[in-house]
Every structure is written in C-alpha cells, then in structure tokens.
Amino acid sequence: MTDLLLKYFRTKQQEVQSEKTYDTQCPYCSMQCKMQLIEQSVVTRKKYKSVGRDNPTSEGRLCVKGLNAHQHVFHRDRIKFPMKKVDGKFVRTTWKEAMELIKKNFTAIQEKHGHDALSCYGGAQLTNEEAYLFGKFARVALKTKYIDYNGRFCMSAAATAANVAFGVDRGLTTRLTEIPKAQVIILAGTNIAECQPTIMPYFERAKENGAFIIAIDPRETGTTKIADLHLQVKPGTDAALVNGLLKVILDEGYIDEKFIEQRTNGYDELINHVATLTLEEIEEQTGVTVEDIKKAASAFGQKETGMIFTARGVEQQVDGYMAVRNFLNMIMLTGKIGKPGCGYGAITGQGNGQGGREHGQKADQLPGYRSIENPEHRAYISEVWGIDENELPRKGVSAYEMMEKVSEGEIRGMVLMASNPIVSNPNATFVKNALEKLDFLVTIDMFVSETAQLADLILPTSSYLENEGTFTNLEGRVTLREASKECPGEVKHDWQILCEIAATLGKEKYFTYSSSEDIFNELRIASKGGIADYFGITYDRIRKKEGMFWPCPSLDHDGTEIMFEESFAHQDQKGIMIPVPNVSEVKKEKVSEQYPLYLTTGRVVAHYLTGVLTRKSPALAARNVESHIQLHPETAQIYGISDNELVSIESERGKIVVRSQISTEIRRDTVFVPFHWADSQNVNCLVPKDLDPTCRMPGFKVTTVNITPMVEMVN
Ligand SMILES: Nc1nc2c(c(=O)[nH]1)N[C@H]1C(S)=C(S)[C@@H](COP(=O)(O)OP(=O)(O)OC[C@H]3O[C@@H](n4cnc5c(=O)[nH]c(N)nc54)[C@H](O)[C@@H]3O)O[C@H]1N2
Ligand SMILES: Nc1nc2c(c(=O)[nH]1)N[C@H]1C(S)=C(S)[C@@H](COP(=O)(O)OP(=O)(O)OC[C@H]3O[C@@H](n4cnc5c(=O)[nH]c(N)nc54)[C@H](O)[C@@H]3O)O[C@H]1N2
Ligand code: SF4
Ligand SMILES: [Mo]
C-alpha cells in the first residue's frame, strides 16, 4: 500500500472514531424518556443514533419514536432562517426585518381594533419556562385576553374533573412505582401500548404480581391485549358504563364506608341517582353485557388495592368532563386513593402535557394554576410581573372558540407556537378558512407545517437537542431536559423569540432573561402559594434528585409523590362525588340512515399528533406512509369494501379518502381513523365543532359517518 493510501485509511479510521454525545429527553410523549444522541463523524457525513438513559420513570427504555426522534432534527426541510411571505411564497428574511414587520402589523391591528384583536395560541410541547413566558407575553407584551393552547383538546376534561372533585389536578395522583402494587387496574380509553410504550413494564409487573386488568375500549389494541377483561364499549358511552359498575358496587356493598364518611361529600345524591338506573338499560346503551359489567365491578370492588387510568377515549367527548367525574366517583366510593397501590391517573399526552397546563397558557389561568378572575391571584401575579393589576386582562375563550373569533373578525392577528391547528382542531375546514382571514399570522416552528403555510411570517425555533428546559412528566415529576447542541443557521429558542418580540413592542424591561433557568426562577416565585407550587424546585435539586414532584412549596420540602394521603385539596378537605346521567344533555351525534356508523379517532405508534415531525422521520414515516380506516370484516362486506382499497368517508361537514384496513379488532358499528395526516386525509374535516359545556373539549371520539368504496363512485 502506498504511503498516501495508508494515510487516507488511517485518517478515515480516526474520523469514524470521533464521537460526540448529547444528553437530552425525547421530544414526544409524556413519559419524557431520558436519552442520548450519539454523533459519529465519518469521512463524508455524520451518523446518528439515539439510546435510552437510565432514570426513575422510563428506566432506560425508549420506544420506536424516541429511537428515531433525531431524524426530523436533521431533515433538510428544517427552517433555519426567518421567512416572510411575498406574493404567496416564502422568502428568506432577517430577524431585524421580521421584528419590524411584527411591530408594523401588530401596532396597526391594535390601533385600529384594540388590544384583544391580537391573540396567542400555544402548545404543550413547550417547556414549562416557555409555556409560562407565553402566558406572560400575551398579557404583558400584547395586553390581550386571547390566549389558549392545544391542551384544551387533550387534557381539559380530566383536568377540570380532578380540579372540581379533588381540588387539584395532577395527572397521576401517585408515582408509577405504585402500579405493580395494585391488585386491580382499569385502563379506560387509553392505548398506552402505542402512546406511552415505555410505561408498559409497570403494568406487566402488576400482572406478574397477580393484578386483574380491565380495559375499556371500542377496539382491541396492544393495550387491551394485556387485559383479563375487555369491555368493548360503544363510543361515547363511558359515563353510562361506569354507572353500571357503580350500581353493582353499591348493591354488593363493595364500598369503603369509612372513607366515604370521612373524606367525601355527595354520597346520598349519588346513591339515590344510581338506584334509578337498571343494568339492562346500561347494557343496551353501552353494548357491554350485564354479565361483564358485574364481572368488572366485582373484580374492582373486592380487591384491597386498585387504580383507574383514563385517557382521551373517555375524555375527548362532549360529556368527557362528566364521564371522568364518574370514574372519580368510583375511586372515592371504593376508597382507592391516597394509599399504596391505589390512585387515579389521567394519562397526560404531550411531552409537557402536565406543566403546559399549569402556568398560564390557558384562557382563564395565571401561573401556578391560579385563576385570572380571582382578585388575590391577580394582585399576586401583577406584583411578580411588575405591572398594575388594572392592566392585567381578564379571561379569554378556549382554543376552538378563538378560531370562531378569528372567523368573526374580532381577532385579526395571532402568534402561533407549537401547534398545527388546521389539522388538530375539530371542524378543520372552518378553522382553515378562519385562519386565512387573519391580517397577520406569525408562526414559530421548526417546519412549514400545514398551518404555517398560511402564515405571513415564520420564525425558526430550536429542537429538543438544542433547547434546555423543564418538563413535567405524566407522574407530575418535574424533569430537566439537558440540551447542548448548537442551533443550526439563525435558529433561536422559543423563549428568546418571545423576548425579542416583546422588546420590539417596547416591553423589554419585563422580559430580561439570559437563560431558561432565569425564567424558571421567576416561574418558581409566580407559582409560589398556588395549587401547582414549584417554589421549592430548582435546576440543581432536579439534577440531584432525578426530577421532583410538585407541589413542592419550599427548598426543604422533598416534593409530593403520593397525593391525598390525608385529605383532598378543597377547604373542607373532602372530595366531591356527583350523580352523572347515563346520557348527557349535550348534543351528541347519533347514527342515522344517512350517517350509519360511528367514527372514532386516535393514534398509531409510529406517528405523533398532526405528524409534522414524524412524517419527516424516514424510519417512522415508512411504518405508515398514509392514513387508514379500520373497519370490521362484516361492516366491510355490507359496504362492499375489500382490504387495502380507497374508501371515501363522509360526515355532515365533509369528506376524506383513506385506505381500508379490515380487522376483527373493532366493533361492527364503529370505524377508526388516526389523525396524523393532513389535507385530503385530515379526519378532523369530519369531526363536529360541539364542545363540552364545562371544559370546552370537542368530541373527537364520536362522529357519525357514511363510507363508500371509491371504486363504486367511479362506476
Ligand atoms: N404514538 C403516539 N403516541 C402518543 C401520541 C401520538 O400522537 N402518537 N400523542 C400523545 C398525546 S398528545 C396524547 S393526548 C396521548 C393520547 O393517548 P390515548 O388517549 O391513549 O390515545 P388515543 O389513540 O387517542 O385513544 C385511546 C383509545 O381510546 C379508544 N376510544 C375511542 N373512543 C372511545 C370511547 O368512546 N370510549 C373509550 N373507553 N375508549 C375509546 C381508542 O380506540 C383508542 O384505542 O398519546 C400521547 N402519545
Ligand atoms: N381527531 C382528533 N383530533 C385531535 C386528537 C384526537 O385524538 N383526534 N387529539 C388532540 C390532542 S390530544 C392534541 S394534544 C392535539 C395536538 O395537535 P397540535 O396542537 O396541532 O400538535 P402537533 O401536531 O404536535 O403540532 C405541533 C407543531 O409544533 C411544532 N413544534 C414541535 N415542537 C415545538 C417546539 O418546541 N416549539 C415550537 N415553536 N414548535 C414546535 C411542530 O413542528 C408542529 O408543527 O391534537 C388534538 N386533535
Ligand atoms: S415517545 Fe414517549 S415512550 Fe416513546 S421514547 Fe419518546 S417519551 Fe419515551
Ligand atoms: Mo394530547
């Protein structure tokens, strides 16, 4: 070998061996698995690999999304410079010009139409620091009452239910390590096997310890397969099903009288109501047999320890709030809360589904889960922010209702951060038409999402590998996501972008932070004394303790892992039970001759939400390149549909076309379509706009539809 060749190979080997690692957390679901990116430099390019890191929640595991998360970060479509729209096309601009454009347009809009003509729409992928800052930005920099976020579609039913029943909303009332101690577990409307895969071993350990698992879902899924009993409920009837369980529990005396007496209110009203119901009518309404109802109720009632978990299947209903309240009735009646192996969990969804809903992104909320209409809370936060209380806006409206205000012309400008509303909102065609009417839309994103395509200005933000900050995971554990990779191009962090816009609008003195930790230290003070009290949590303590549970009111407090051991958070320390009707008074779509099938929507393991990130990840995109409709073989036969063919699905609001996937794993009266795809496969074009009257959650899980094979339409 010549010297030259030898030199070449030696260099090549050396380059392969140059390796860098970056510690971080997965950018997707609420497990917030700790991970490490390994970057290897080879001769011509860089190679990347993600591996799990040990931690008390995911214990080093990663699912397929985490393993491939880095792929979107390095995708060539990533936006690296600010872009403005000129003649319908995006062209590169400078940060300076971007800020000038914002100042000119926002000032003109507010001079003409008032402060509330501007709005903010956020997301629960943001760090706690950024979610907090976005709330402050809306109220202090824009002085608008209009701010809400995508968690309205995610957690609002369970959050409102827990707040009213227990006096505080933390997704899990206990830590994950209690799961293996539970003797009976209900998994209602949750598909953890696909949505929080790394949680599964906790349930597998419970099973090894002899737990009886009951799953409630209209479909058979990876999750229902671990169950001993699967109640294949008709979509939207969970409230009635729980009434059936309560009836058996009461009739058989499986209640905890001491707990009811000492810790709860509302027992008499509840038993009087349940006494008026029959198991036969509940079988008729829910499609679950009296025998199965009895089996489930006895299993739950007879065991000493037990837990109930709900997720979006129960909650994304126009009576989602009441359905969750009924599960909370059940946990209180049987006294299965505040003790080892017991508890309730609304399994949070997004990476910061928990923290994102605590610090002021919500229309009626101030940091620390305070209320924007409460005079004491207003006074406290105004002081922390250094503004006059009179300047602090009042409450606005929920996410979808903001879209209605946009359509009506009351809202004329918007800052959209970490959401893709024209794919994720119900009644999506209306939402798209509404956003097109805005005078000025600024989106802050890593990609030109479907909604960003409508923007006047797109500002490029950093990814999970670049942006440090805290996330509150599904346990209520505040974790610190380390991030050390340099931002590409001219990309900035979300918090830096908000500070820059605020400064441009003359509000610099309220937004002088030099790091995420600076913002967190202000959040600690803003949340002090609130329901979600983070005061005792610091970056250093999180690092030392591998995450800390809130509430944590002081620096010598260790955080609260198990809640409600002695009392609930209401003034009289008691939890509240209420009667829940079988059929809600809220309008719910009913099957008809024209729309004879129930459509329910949800997720697949490889894709995440509106798919903007996972569709950019080749390894994930390859697993499901397009959407599908899951339907029972007998249903397929009735409609003349064969497997893997294009099917038109129509509701009162519109039509989409997706490919069939015939499966015995779904009820005959129900079809399922995931919502990770846009345009002609956007299932939210079919979903109605009706909202739960208490929490303003849309009914993503029940739409009535008709289906037709495309072939038939051609012939
Ligand atoms: N792979 C993946 N993981 C994710 C996400 C993702 O998009 N992809 N998103 C994250 C987010 S933000 C969230 S909120 C969570 C969501 O997590 P989940 O709530 O577990 O997910 P979904 O698939 O929406 O719904 C769960 C189950 O509810 C069932 N269901 C439908 N209608 C009903 C009903 O009326 N009653 C009952 N009991 N069940 C019903 C569906 O068949 C489905 O299996 O997942 C998080 N994790
Ligand atoms: N039919 C139906 N519809 C649903 C649901 C359902 O089950 N069925 N589920 C609902 C639920 S639970 C949810 S949570 C919503 C979610 O739906 P969306 O709120 O639309 O959430 P994403 O699809 O995650 O959109 C996130 C956007 O923000 C960008 N992004 C990601 N991380 C960051 C970040 O750190 N900063 C910034 N600035 N941008 C970022 C992404 O690139 C993407 O464009 O959808 C809801 N819609
Ligand atoms: S998607 Fe969720 S379960 Fe999967 S690696 Fe990421 S955080 Fe963990
Ligand atoms: Mo969600």
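Residues numbered from 1 in each chain as written. Chains lettered and ligands numbered in written order. Predicted model: local features only at pLDDT ≥ 70, side-chain atom pairs only at ≥ 80, totals over all residues. Heavy atoms only, no water.

Concerning the overall build of the chain
For the chain, the helix and strand inventory stands at 25 helices and 28 strands. Since a compact globule built from 715 residues should have a radius of gyration of about 27 Å, the 25 Å found for the chain is in line with a globular shape. Expressed as a percentage of its 715 residues, the buried residues of the chain come to 62%. In the chain, the share of contacts with a sequence separation of at least 24, taken over all contacts with a separation of at least 6, comes to 73%. About 26500 Å² of surface is accessible on the chain, with carbon and sulfur atoms providing 47% of the total. Here the chain holds 84 positive side-chain charges and 94 negative ones, and the gap between their average locations is 5 Å. (Helix = DSSP H or I, 4+ residues; strand = E, 2+ residues; numbered from the N terminus. Rg over C-alpha atoms; globule rule 2.2 N^0.38 Å. Buried < 20%, exposed > 50% of the residue type's maximum accessible area, 1.4 Å probe, protein only. Contact = heavy atoms within 4.5 Å. Areas by Shrake-Rupley, 256 points an atom, 1.4 Å probe, with all protein chains shown as cover. Lys, Arg positive; Asp, Glu negative; His and termini not counted. Charge placed at Lys NZ, Arg CZ, Asp CG, Glu CD.)

Notes on the packing of helix α12 (residues 279–286) against helix α13 (residues 290–302)
Taken N-terminus to C-terminus, the directions of α12 and α13 make an angle of 105°; their axes are 9 Å apart at the nearest point. Compared by their axis directions, α12 and α13 come out roughly perpendicular. Contact residues: Leu-279, Glu-280, Ile-282 and Glu-283 in α12; Val-290, Ile-293 and Lys-294 in α13. Of the residues in the contact of α12 with α13, the class split is 4 nonpolar, no polar and 3 charged. (Axes fitted to C-alpha atoms, helices over the stretch in contact; angles between N-to-C directions. Parallel < 35°, antiparallel > 145°, perpendicular 65-115°, else oblique. Nonpolar A, V, L, I, M, F, W, Y, C, P; charged D, E, K, R; others polar.)

Observations regarding the sheet that holds strand β1 (residues 19–25)
As summarised here, the arrangement of the 3 strands in space is β1-β2-β3, forming an open sheet in which the pairing is antiparallel. Two strands close off the open sheet at either side, each with one partner strand: β1 and β3 (46–52). For this sheet, the mean angle separating the axes of adjacent strands, direction not counted, is 20°. The pairing of strand β2 (residues 34–41) with β3 spans 7 bridges and is classified as antiparallel. Residue pairing in the sheet places Met-35 in a bridge with Gly-52 of β3. (Pairing = 2+ DSSP bridges.)

Some remarks on the site of ligand 2
Neighbouring ligand 2 are 29 residues; Asn-150, Ser-419, Asp-445, Thr-610 and Asn-684 lie closest to it. Taking Gln-316, its side chain carries an N or O atom lying 3.1 Å from an oxygen atom of ligand 2. Thr-601 places a side-chain nitrogen or oxygen 2.9 Å from a nitrogen atom of ligand 2. Looking at the shell around ligand 2, its residues break down into 13 nonpolar, 12 polar and 4 charged. (Near = heavy atom within 4 Å. Polar contact = N/O pair within 3.5 Å; in protein donor to acceptor, adjacent residues only side chain to side chain.)

Digging into unusual backbone geometry
The residue after Trp-550, namely Pro-551, is reached through a cis peptide bond having omega -5°. Within the fold, Pro-551 resides in the loop between β21 (548–549) and β22 (575–576). Despite not being glycine, Gln-32 shows a phi value in the positive range, around 50°. Here Gln-32 shows up in the loop between β1 and β2. Notably, Asp-87 is not glycine yet its phi reads approximately 50°, a positive angle. Along the chain, Asp-87 falls in the loop between β4 (83–86) and β5 (89–92). Using a relative accessible area of 79% as the deciding quantity, one classes Asp-87 as exposed.

A few points about the packing of helix α6 (residues 156–166) against helix α15 (residues 320–333)
The N-to-C vectors of α6 and α15 enclose an angle of 45°; their axes lie 8 Å apart at closest approach. Viewed along their axes, α6 and α15 adopt a mutual orientation that is oblique. The interaxial crossing formed by α6 with α15 has right-handed handedness. For the pair α6 and α15, the contacting residues are Ala-157, Ala-158, Thr-160, Ala-161, Ala-162, Val-164, Ala-165 and Phe-166 in the first and Gly-320, Tyr-321, Val-324, Arg-325, Leu-328, Ile-331 and Met-332 in the second. Split by residue class, the contact of α6 with α15 holds 12 nonpolar, 2 polar and 1 charged. (Left-handed = near helix turned anticlockwise from the far one by under 90°.)

Overview of α12
Residue pairs three or four apart in sequence face the same way in an α-helix, which turns once every 3.6 residues. The complete set of buried residues in α12 reads Leu-279, Ile-282 and Thr-286. The arc enclosing the buried residues of α12, seen along the axis, measures out at 55°, which places them on a common side. Exposed and facing more than 90 degrees away from the buried side of α12 are Glu-280 and Glu-284. Elements in contact with the buried residues of α12: α9 (238–251) and α13. Following α12 by one or two positions, Gly-287 has its phi on the positive side, about 80°. (Arc of directions from axis to C-beta.)

Let's talk about the domain arrangement of the chain
Split into domains, the chain comes out as domain 1 (2–73), domain 2 (156–347) and domain 3 (597–714). With 7 residues of domain 1 at the interface, the matching set in domain 3 holds 12 residues. A combined buried area of about 850 Å² lies between domain 1 and domain 3, and 70% of that area is made up of carbon and sulfur atoms. Seen at the junction of domain 1 and domain 3, the total is 4 residue pairs in polar contact (both at pLDDT 80 or more). Within the residue set of the side of domain 1 that touches domain 3, elements represented by two or more residues are α2 (64–67) and α3 (70–73). The residue inventory of the side of domain 1 that touches domain 3, partitioned by class, reads 3 nonpolar, 3 polar and 1 charged. (Domains from an automatic or database assignment. Buried area = accessible area lost by both parts, 1.4 Å probe.)

Observations concerning the site of ligand 3
Around ligand 3 sit Cys-26, Tyr-28, Cys-29, Gln-32, Cys-33, Leu-62, Cys-63, Lys-65, Gly-66, Pro-197 and Thr-198, and those are all the residues in its vicinity. Per-class residue counts for the shell around ligand 3 are 7 nonpolar, 3 polar and 1 charged.

Things to note about the confidence of the model for the chain
The predicted coordinates should not be examined in detail at positions where pLDDT is low. Taken residue by residue, the chain gives an average pLDDT of 96. The fraction at 70 or more is 97%. Element-level pLDDT for the chain is lowest in helix α1 (residues 3–17), with a mean of 61, against a maximum mean of 99 in strand β8 (residues 184–188). (pLDDT = per-residue confidence, 0-100.)

Some thoughts on the sheet that holds strand β19 (residues 469–472)
Read from one edge to the other, the open sheet built from 3 strands follows the order β19-β20-β21, with strand pairing classed as antiparallel. Only two strands of the sheet have a single neighbouring strand rather than two, namely β19 and β21. Bridge count for β19 against strand β20 (residues 477–481) is 4 bridges, and the pairing is antiparallel. Within the sheet, the bridge partner assigned to Thr-470 lies in β20 and is Leu-480. Across the sheet, helix α5 (residues 128–141) lies against β19 and β20, angled at about 95° from β19, the strand it touches most.

What about the nonpolar core?
General note: in soluble globular proteins, nonpolar side chains tend to be found buried as a group. Of all hydrophobic cores here, the largest spans 120 residues; its most connected members are Phe-137, Phe-166, Leu-459 and Phe-511. With 9 residues, the single largest contributor to this core is α15. Formed by 64 residues, the second largest nonpolar core is a distinct cluster that contains Val-73, Met-307, Leu-599 and Val-671. (Core = buried A, V, L, I, M, F, W, Y, C linked by side-chain atoms within 4.5 Å.)

Concerning the packing of aromatic side chains
Evaluated as defined, the whole model comprises 15 aromatic pairs. On the numbers, 6.0 Å between centres and 90° between planes, the contact of Phe-106 with Phe-440 is edge-to-face. You can see Phe-106 sitting in helix α4 (residues 95–113) and its partner Phe-440 sitting in strand β17 (residues 440–445), a full 334 residues away along the chain. Each member of the pair, Phe-106 as well as Phe-440, carries the same accessibility label: buried. With a centroid separation of 5.2 Å and an interplanar angle of 10°, the aromatic rings of Phe-166 and Phe-568 are classed as stacked. (Phe/Tyr/Trp six-rings, centres within 6.5 Å; stacked < 30°, edge-to-face > 60°.)

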